[in-house]
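Observations on the model geometry
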Amino acid sequence: MNPLEIFRRNLARAVEASCIEVALTAQMEHRYQQQDGKLKDAVQTEFSMGGLVGRVFLDPATPYATYIHEGIRPHMIFPKRRKALRWVKGSDFVFSKRARFPGWQKDPFLYDALRKNEQKINDIFDRYTERAVQEVSDAFNS
């Protein structure tokens, strides 16, 4: 096998393993108390260029994940399709023409996961680089 191809394959595996490590940490260590697990599912990974480019991102199908990650200031909420907003408070429904949303403090769990896994990512790349060198050496020696 071509030495360049051996290194490319091993680097692609290192990128994938690193992205998965960051994604798993982000899924498990965010501060938001979720009821349905959709925030965990919003953390996605994607690979391109033969696996040499990888990214961890928030799925756009879960738009509130970005608000949790980046935070949102307090603001007023108004109805869009109805005359009033409705929500449950205790065992009753509450109706209002507007509501004050208190905001969310940002929880940059993707960035935190990347920082937390920095040494692990370096170790992953070291391991796959050593593996590639060994495979190239074995290919030349056989």
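Reading the values: rules and limits
Residues numbered from 1 in each chain as written. Predicted model: local features only at pLDDT ≥ 70, side-chain atom pairs only at ≥ 80, totals over all residues. Heavy atoms only, no water. Axes fitted to C-alpha atoms, helices over the stretch in contact; angles between N-to-C directions. Helix = DSSP H or I, 4+ residues; strand = E, 2+ residues; numbered from the N terminus. Parallel < 35°, antiparallel > 145°, perpendicular 65-115°, else oblique. Left-handed = near helix turned anticlockwise from the far one by under 90°. Nonpolar A, V, L, I, M, F, W, Y, C, P; charged D, E, K, R; others polar. pLDDT = per-residue confidence, 0-100. Buried < 20%, exposed > 50% of the residue type's maximum accessible area, 1.4 Å probe, protein only. Arc of directions from axis to C-beta. Contact = heavy atoms within 4.5 Å.

1. Comments concerning the packing of helix α1 (residues 3-29) against helix α5 (residues 118-141)
Here α1 crosses α5 at 160°, and the two axes come no closer than 9 Å. Put simply, α1 runs roughly antiparallel to α5. Handedness of the α1/α5 crossing: right-handed. Split by residue class, the contact of α1 with α5 holds 17 nonpolar, 3 polar and 6 charged.

2. A short note on the confidence of the model for the chain
Residues at a pLDDT of 70 or more form 99% of the chain, whose mean pLDDT is 92. Averaged pLDDT values for the elements of the chain fall to 87 in helix α2 (residues 38-42) and rise to 96 in helix α4 (residues 109-116).

3. A short note on α4
Within the sequence span of α4, burial applies to F109, L110 and A113. Each buried residue of α4 lies within a common arc of 105° when the element is viewed along its axis, so the set occupies one face. Against the buried residues of α4 lie α1, α2, β1 (43-48), β2 (53-58) and α3 (64-70).

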